[in-house]
Amino acid sequence: EAVAAHDLREIVLQSVIVKLHPRKAIAIAVHVVSDDGGAAAAAINATFLALVDAGVSLRSVLTAACVTVHSNAIIVDPEAVEEAEADAVITLTFETKKGSSANVVGSYCHGVLGSYENYQSAVRTARRIADGTREFMELAVKGRVLAAKK
């Protein structure tokens, strides 16, 4: 957990445009109430949604996804039991650029992937999931802005 908290802190520090926030302190508290798998990806997504909602200037919005490799099959959004049984658990963080999740900016892998092809397949699958998360974030922010105008 300490490693995940440190990684989240580093990801946020690299994303926030600090020069635009002089004399401000940005406090982020992430509390995992329940973990049925994919907690790190959920924490990253929740953090960036909160930063966007708070109006913090960012270089880019990051989204994350967790996948597992089990007998050369990719499992999306695995539950804790699936993570425990998997050959590898991979949490990937993507930088959002002009409507899609472009670059991998963070990767955490626990276990053995088995092959480079498994890694490539995991990245493609996680990118699709991250794109869906980004689209959800955009809808949530638009809905909040429209509600505030009423």
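Please refer to the structure higher up on the page.
Described in the following lines is the structure provided in the data block. (Residues numbered from 1 in each chain as written. Predicted model: local features only at pLDDT ≥ 70, side-chain atom pairs only at ≥ 80, totals over all residues. Heavy atoms only, no water.)

Some thoughts on the nonpolar core
Core analysis: the largest hydrophobic core is formed by 16 residues, its most contacted members being Val 12, Ile 44, Phe 48, Leu 51 and Leu 58. For this core, the secondary structure elements donating two or more residues are α1 (2–15), α2 (39–53) and β1 (62–70). In terms of residue count, the dominant contributor to this core is α2 (4 residues). Within the second largest apolar cluster, 12 residues are counted, among which are Val 69, Ile 90, Leu 92 and Ala 126. (Core = buried A, V, L, I, M, F, W, Y, C linked by side-chain atoms within 4.5 Å. Buried < 20%, exposed > 50% of the residue type's maximum accessible area, 1.4 Å probe, protein only. Helix = DSSP H or I, 4+ residues; strand = E, 2+ residues; numbered from the N terminus.)

Focus: α2
In a regular helix each residue adds 1.5 Å, so 15 residues correspond to 21 Å; α2 covers 21 Å between its end C-alpha atoms and thus fits that length. Regarding α2, the residues found buried are Ala 41, Ala 43, Ile 44, Asn 45, Thr 47, Phe 48 and Leu 51. Positive phi shows up at Gly 55, right after α2, with a value of about 80°. (Expected span 1.5 Å × (residues − 1).)

Regarding the pattern of salt bridges
Scanning the model with the defined rule gives 4 salt bridges in all. As a salt-bridge pair, Glu 135 and Arg 134 come within 3.8 Å of each other at their nearest N and O atoms. Residue classification places Arg 134 among the buried residues on the basis of a relative accessible area of 6%. Taking the shortest distance from any N to any O, the salt bridge between Arg 134 and Glu 138 comes out at 3.2 Å. With Arg 134 and Glu 138 both in helix α4 (residues 116–149), this residue pair falls 4 residues apart, about one helical turn. Each of the salt bridges in this network shares a partner with another, and the network as a whole consists of Asp 131, Arg 134, Glu 135 and Glu 138. (Salt bridge = Lys/Arg side-chain N within 4 Å of Asp/Glu carboxyl O.)

Concerning the pairing of β1
Where burial is concerned, most of β1 is hidden: 8 out of the 9 residues are buried. Judged from the 4 bridges that link them, β1 and strand β2 (residues 73–76) form a sheet pairing that is antiparallel. In the sheet register, Thr 68 faces β2, and the bridge partner there is Ile 75. Counting the residues in the hairpin turn of β1 and β2 gives 2 residues, including Ser 71, whose phi is positive at 55°. (Pairing = 2+ DSSP bridges.)

Description of the environment of Ala 4
Considering the arrangement of structural elements, one finds Ala 4 in helix α1. The exposure class of Ala 4 is partly exposed, given its relative accessible area of 40%. With 119 residues separating them in the primary sequence, Ala 4 and Val 123 have C-alpha atoms 20 Å apart.

Quick word on the packing of aromatic side chains
Considering all chains together, one arrives at 1 aromatic pair under this definition. Arranged with centres 6.5 Å apart and planes meeting at 35°, the rings of Tyr 116 and Tyr 119 form a pair that is tilted. On the criterion of helical spacing, the pair formed by Tyr 116 and Tyr 119 is a turn pair, its members being 3 residues apart in helix α4. Taking the relative accessible area as the measure of exposure, Tyr 116 reaches 55% and is therefore exposed. Classification of Tyr 119 by relative accessible area gives partly exposed; the value is 25%. (Phe/Tyr/Trp six-rings, centres within 6.5 Å; stacked < 30°, edge-to-face > 60°.)

Points about the side chain of Thr 91
With respect to the helices and strands, the residue Thr 91 is situated in strand β3 (residues 88–97). Given a relative accessible area of 11%, Thr 91 falls into the buried group.

Brief notes about the side chain of Thr 63
Inspection of the secondary structure assignment puts Thr 63 in strand β1. Under the relative-accessibility criterion, Thr 63 is labelled buried at 0%.

In short, the description is geometric, and any link to function would need to be established separately.
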